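Breakdown of the fold
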Amino acid sequence: MSEQPVPADTARQPLEPAAAEAVRAYAAKTRENADQLAAVLEDIAVNGLPSVEDCTPWEELREAHLARLARQRPAVA
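In short, a report on the structure. This one's a predicted model, so the numbers in the text were calculated from it and none came from an experiment. (Residues numbered from 1 in each chain as written. Predicted model: local features only at pLDDT ≥ 70, side-chain atom pairs only at ≥ 80, totals over all residues. Heavy atoms only, no water.)

What to know about the overall build of the protein
On a plain count of helices and strands, the protein comes out with two helices and zero strands. Within the span of the protein, comprising 77 residues, buried residues form 1% of the whole. (Helix = DSSP H or I, 4+ residues; strand = E, 2+ residues; numbered from the N terminus. Buried < 20%, exposed > 50% of the residue type's maximum accessible area, 1.4 Å probe, protein only.)

A look at the pattern of salt bridges
Evaluated as defined, the whole model comprises three salt bridges. Taking the shortest distance from any N to any O, the salt bridge between glutamate 63 and arginine 62 comes out at 3.0 Å. Residue classification places glutamate 63 among the partly exposed residues on the basis of a relative accessible area of 43%. Note on arginine 62: relative accessible area 36%, which makes it partly exposed. (Salt bridge = Lys/Arg side-chain N within 4 Å of Asp/Glu carboxyl O.)

Observations concerning the environment of asparagine 47
Inspection of the secondary structure puts asparagine 47 in helix 1 (residues 17-47). There is a polar contact of 2.6 Å between the side chain of asparagine 47 and the side chain of aspartate 43. (Polar contact = N/O pair within 3.5 Å; in protein donor to acceptor, adjacent residues only side chain to side chain.)

This is the structure we're talking about:
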């Protein structure tokens, strides 16, 4: 995000209540994801990297994610 201050002559426009709630929900989900990532990184820092046998190959992760995306997308005729 920009560190520049907002000029005093520009007034902010308030969001509609539903839009404000959606922004809050997005912020909460983003914060949750960041906390999960931080926890994994802290675990790696304390305990080191997991063994190869305990890991899932990235190709499998990619294919599973692509399958999830395909299920979420409506079918095109």
